[in-house]
Amino acid sequence: SQQGEEDPQALSIQEGENATMNCSYKTSINNLQWYRQNSGRGLVHLILIRSNEREKHSGRLRVTLDTSKKSSSLLITASRAADTASYFCATDAYGIQGAQKLVFGQGTRLTINP
Amino acid sequence: GAGVSQSPSNKVTEKGKDVELRCDPISGHTALYWYRQRLGQGLEFLIYFQGNSAPDKSGLPSDRFSAERTGESVSTLTIQRTQQEDSAVYLCASSLTGRGVYGYTFGSGTRLTVV
């Protein structure tokens, strides 16, 4: 079952503009992570935010987390053509023996137009 | 190795045949995960290995799917009697621990096409 749900499903903006993607989830989490996927192959880890953090920055990326609303947002500032990709949020879920696994949303397809 | 390696990168097989997909995790990573991604969809969790603990197989869609891992190294995902619905990209990821405090490193995936 999917835990995180991204919104919007697709986003198209001009190069240089900021892109904002949102993620909502259903159950309590320990952390939330964002990943990027180019061309439908391997995902690249972008940033991890813990449940006791509200905001985190990494270069042009800014992630916020609101545990009361069970939501997170990913902001990419000054977008570039190379940012064109699908972006996924993932939340941790506990399986057998307390082992942790990530549950991914459906993703947001971001297109940066030159 | 430097990253997670998966082989083959592409596999075309006939319906009803068995296939074996391989994943070499990053050396020292105790946790290994298999996911499936159908075209335009999100990632579906399949199975998770953590050290010598019993694997979490809760995501395997049917008994045609199985996976093994030798210690903390190579893992193989086997699909028996493949069906067209099995066509997807199969992604492997590893993590330093299974405690959820580190991100995952993904391989480039195996694109499986069942014809």
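Residues numbered from 1 in each chain as written. Chains lettered and ligands numbered in written order. Predicted model: local features only at pLDDT ≥ 70, side-chain atom pairs only at ≥ 80, totals over all residues. Heavy atoms only, no water.

### Considerations on the side chain of Gln37(B)
Note that Gln37(B) resides in strand S4 (residues 31-37). Reaching out from Gln37(B), the side chain makes a polar contact with the side chain of Gln37(A) at a distance of 2.7 Å. Within polar-contact distance, the side chain of Gln37(B) engages the backbone oxygen of Gln41(B) at 2.9 Å. (Helix = DSSP H or I, 4+ residues; strand = E, 2+ residues; numbered from the N terminus. Polar contact = N/O pair within 3.5 Å; in protein donor to acceptor, adjacent residues only side chain to side chain.)

### Regarding the sheet that holds strand S6 (residues 55-58) of chain A
Residue and element names in this part refer to chain A. Sheet architecture is open: five strands sit in the order S1-S3-S8-S7-S6, paired in antiparallel fashion. The sheet is open, and its two borders are formed by strand S1 (5-7) and S6, each paired with just one other strand. Mean inter-strand twist for the sheet, computed between neighbouring axes without regard to direction, equals 20°. Note that strand S7 (residues 61-66) and strand S8 (residues 71-76) share six bridges and pair antiparallel. In the strand pairing of S8, Leu-65 is matched with Ser-72. (Pairing = 2+ DSSP bridges. Axes fitted to C-alpha atoms, helices over the stretch in contact; angles between N-to-C directions.)

### Re the environment of Ile26(B)
All names here are of chain B. When you line up the elements, Ile-26 lands in the loop between strand S3 (19-24) and S4. Overall, Ile-26 belongs to the buried group, its relative accessible area being 14%. When the C-alpha atoms of Ile-26 and Leu-77 are compared, they prove to be 17 Å apart, with 51 residues separating the residues in sequence. (Buried < 20%, exposed > 50% of the residue type's maximum accessible area, 1.4 Å probe, protein only.)

### Let's talk about the state of the cysteines
Disulfides are covalent bonds that connect the sulfur atoms of two cysteines. In total, this model carries two disulfides over all chains according to the counting rule given. Across the disulfide from Cys23(A) sits Cys89(A); the S-S distance is 2.0 Å. Taking the sign of the torsion about the S-S bond as the criterion, the disulfide between Cys23(A) and Cys89(A), at about 65°, is right-handed. Here the residue Cys23(A) occupies a position in strand S3 (residues 19-24), and Cys89(A) occupies one in strand S9 (residues 85-94), the gap between them amounting to 66 residues. Considered together, Cys23(A) and Cys89(A) belong to a single accessibility category, that of buried residues. In this model, Cys23(B) is linked to Cys92(B) through a disulfide, with the two sulfur atoms separated by 1.9 Å. One disulfide, between Cys23(B) and Cys92(B), carries an S-S torsion of -65° and so falls in the left-handed class. Of this pair, Cys23(B) sits in strand S3 while Cys92(B) sits in strand S8 (residues 88-95), and the two are 69 residues apart along the sequence. By relative accessible area, Cys23(B) is classed as buried at 0%. (Disulfide = S-S within 2.5 Å.)

### Section: the interface of chain A and chain B
How big an interface is tends to be stated in terms of accessible area lost as the parts join. With 25 residues of chain A at the interface, the matching set in chain B holds 30 residues. Buried area between chain A and chain B, summed over both chains or domains, comes out near 2000 Å², and the portion from carbon and sulfur atoms is 47%. Linking chain A with chain B are one salt bridge, by the criterion used here. Sorting the residues of the side of chain A that touches chain B by element identifies strand S4 (31-37), strand S5 (43-50), S9 and strand S10 (100-104) of chain A as the ones contributing at least two each. Class assignment of the residues belonging to the side of chain A that touches chain B gives a composition of nine nonpolar, 13 polar and three charged. (Contact = heavy atoms within 4.5 Å. Buried area = accessible area lost by both parts, 1.4 Å probe. Salt bridge = Lys/Arg side-chain N within 4 Å of Asp/Glu carboxyl O. Nonpolar A, V, L, I, M, F, W, Y, C, P; charged D, E, K, R; others polar.)

### Remarks on the nonpolar core
Residues and elements named next belong to chain A. Grouped together as the largest cluster of nonpolar side chains are 21 residues, with contacts concentrated most on Leu-32, Trp-34, Leu-74, Ile-76, Tyr-87 and Leu-110. Mapped onto this core, the elements with two or more residues apiece are S3, S4, S5, S7, S8, S9 and strand S11 (108-113). Discounting chain neighbours no more than four positions away, the residues touching Tyr-87 are Glu-6, Met-21, Tyr-35, Arg-36, Leu-46, Leu-74, Ile-76, Gly-107, Thr-108 and Leu-110. (Core = buried A, V, L, I, M, F, W, Y, C linked by side-chain atoms within 4.5 Å.)

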